[in-house]
Amino acid sequence: MVPHLTTALKGPLLEIESRFLDALPEIERWLRGQWQEHTPPFYGSVDLRNAGFKLAPVDMNLFPGGFNNLDATFLPLCVQAAVTAIDKICPDARRLLLIPENHTRNLFYLQNVAQLAAILRLTGLEVRLGSLSPEVDRPTPVELPDGTTLLLEPLVRHQYRLGLAGFEPCAILLNNDLSGGIPTILQNLDEQFVLPPLHAGWAVRRKSNHFAAYDQVAGDFARLVGIDPWRINPYFSVCEAVNFHDRQGEECLAANVDAVLGLIREKYQQYAIDETPYVVVKADAGTYGMGVMTVKDASQVVALNRKQRNKMSVIKEGMTVSQVIIQEGVHTYEQVGSGAQAGVAEPVVYMIDRFVVGGFYRVHGGRGRDENLNAPGMHFEPLAFETSCSLPDQCQNPDAAPNRFYAYGVVARLAQLAASLELERTAPLPEHLICA
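1. Here's the deal with the packing of helix α3 (residues 75-89) against helix α4 (residues 107-121)
Packing of α3 against α4 leaves a shortest axis separation of 8 Å and a crossing angle of 65 degrees. Along this stretch, α3 crosses α4, giving a crossing that reads as right-handed. Every residue of α4 that contacts α3 at Leu75, Cys78, Val79, Ala82 and Ile86 is listed here: Gln115, Ile119 and Leu120. Taken together, the residues of the contact of α3 with α4 break down into seven nonpolar, one polar and no charged.

Written out as structure tokens, the structure reads:
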């Protein structure tokens, strides 16, 4: 099953896919050169949106939590890529400490942790799980729906090293995005590798920094293949000093919404696109689809009711939103199913190191093509397109599954490259962001 485009506006995207196919040797050679200059994050996942006239990333997660959603056929790719990533960092590594989120009761998320641990064990590592949760003060088994058990253990800190009782790892892999701050127990681990680095967590990271880096990457890539960078790059702007409860920053927000909408309208006019432009206003830090709203007119952001302001003011871990990114909304014209069972879909591509290792579709039957699909009611459709992301077929139509998925893999790798630049440029951790 391959989700299909439901729009008549496929022409321009077919042109993009055709350019990708024609420039395949140059693209792969260019990416290979980029990875010689920049170190990719250990892993990541990219949310893409396919508008038929535009294919662009709209979010980049450096602590991916959906490995359990990948089709089983992706496992060999995941293991091979993980071996490459680990060999570059610590070729003699024997033990790895995996630190998950504190969702000890979220069995769906813990199935992701179990799958990630299984991948890492197949690389030859001894993997154990250490929890930051104060609830885990002793080894705590958690039964999973598939009948397996995860063992969560309390962390043990010894001067410059972190581990578990009787377990000293060579490296530490975070699957915790540190939204609530950076615990002291993770600081100053000079003798161990921490992956991704602590400044990749949401205590420091900002989406606007990522998309500023992506803007550069997309521009360079667009010149390489001869396309308008807008085809693969969403416009964005930023508002600082926002307080939704106190209605602080509304003027800034309205002005930036109006400006981004104006840029989109110009592009729609240039390409004769008969669609309504919209932007997505979302917290500049954070995930889980929290603190997100769709806006089609600047007046909407100065007329929020109490419920809307409450929704926008707080994200994961109860953190208050003080800065937002205003991002060009990219319609998604992909759809899974038909009739009453149809659902709007968007691809999510997973990477380990610089390799695409799989993906799935996020599907929501109750949301429209211009809405956030990362919301209650969504579900996931795993698709076995691992070879398609790296093996396009030039004998087929540019929009045939192997070629569309290759295009997804290319754009996802551009986002991964942008994440590399973003992390290189991130300033040292401000002390006030370190929590006890």
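Once you've had a look at it, read on.
2. Some thoughts on the state of the cysteines
Applying the stated criterion to the full structure yields one disulfide. Paired by a disulfide, Cys239 and Cys252 hold their sulfur atoms 2.4 Å apart. Between Cys239 and Cys252, the S-S dihedral sits near -110 degrees, and the bridge is therefore left-handed. Here Cys239, found in strand β13 (residues 236-239), pairs with Cys252, found in helix α6 (residues 250-270); they are 13 residues apart in sequence, far enough to count as distant. Residue classification places Cys239 among the buried residues on the basis of a relative accessible area of 0%.

3. Concerning the nonpolar core
Ranked by internal contacts, the top residues of the largest apolar core, which has 63 residues, are Phe20, Ile27, Ile99, Leu174, Tyr214, Phe221 and Ile232. Every residue in contact with Ile232, bar those within four places of it in the chain, is listed here: Phe20, Leu55, Ala56, Pro57, Tyr214, Ala218, Phe221, Ile227, Val411 and Leu414. Core analysis: the next-biggest nonpolar cluster, separate from the first, contains 39 residues, Leu98, Val348, Ile352 and Phe360 among them.

4. Regarding the pattern of salt bridges
Per the stated rule, a full pass over the model turns up 16 salt bridges. For Asp228, the salt bridge is made with Lys267, and the minimal N-O distance between the two is 2.7 Å. In this pair, Asp228 is assigned in the loop between α5 (207-225) and β13 and Lys267 in helix α6, connecting sequence segments 39 residues apart. Here Asp228 matches Lys267 in class, with each residue buried. One salt-bridge network, held together by shared partners, links Asp47, Arg49, Glu346 and Arg362.

5. Let's talk about the packing of aromatic side chains
Ring pairs (aromatic) are described by centroid distance and by the angle formed between their planes. One pass over the structure, following the stated rule, counts 15 aromatic pairs. Between the aromatic rings of Phe211 and Phe236, the centroid separation amounts to 6.4 Å while the plane-to-plane angle is 50 degrees, which identifies the pairing as tilted. With a gap of 25 residues between them, Phe211 in helix α5 and Phe236 in strand β13 connect regions that are remote in the sequence. On the accessibility criterion, Phe211 (2% relative accessible area) is buried. Pairing Phe405 with Tyr408 gives two aromatic rings, centres 5.8 Å apart and planes at 55 degrees, and the pair type is tilted. Within this pair, Phe405 and its partner Tyr408 are both found in helix α8 (residues 401-425), separated by three residues, close to a single helical turn. Phe405 gets classed as buried once you look at its relative accessible area, which sits at 3%.

6. Here we look at unusual backbone geometry
At the junction of Leu195 and Pro196, the peptide bond is cis and its omega measures out at -20 degrees in the coordinates. Within the secondary structure layout, Pro196 lies in the loop between β12 (193-195) and α5. Residues other than glycine seldom take positive phi values, yet Gln159 does so here, at roughly 50 degrees. As for its position among the elements, Gln159 is in the loop between β8 (156-158) and β9 (161-163). Assessed through its relative accessible area of 62%, Gln159 is described here as exposed. Of note, Asp353 is a non-glycine position whose phi angle comes to about 60 degrees, a positive value. Here Asp353 shows up in the loop between β18 (343-352) and β19 (355-364).

Quick notes on the rules
Residues numbered from 1 in each chain as written. Predicted model: local features only at pLDDT ≥ 70, side-chain atom pairs only at ≥ 80, totals over all residues. Heavy atoms only, no water. Axes fitted to C-alpha atoms, helices over the stretch in contact; angles between N-to-C directions. Helix = DSSP H or I, 4+ residues; strand = E, 2+ residues; numbered from the N terminus. Left-handed = near helix turned anticlockwise from the far one by under 90°. Contact = heavy atoms within 4.5 Å. Nonpolar A, V, L, I, M, F, W, Y, C, P; charged D, E, K, R; others polar. Disulfide = S-S within 2.5 Å. Buried < 20%, exposed > 50% of the residue type's maximum accessible area, 1.4 Å probe, protein only. Core = buried A, V, L, I, M, F, W, Y, C linked by side-chain atoms within 4.5 Å. Salt bridge = Lys/Arg side-chain N within 4 Å of Asp/Glu carboxyl O. Phe/Tyr/Trp six-rings, centres within 6.5 Å; stacked < 30°, edge-to-face > 60°.

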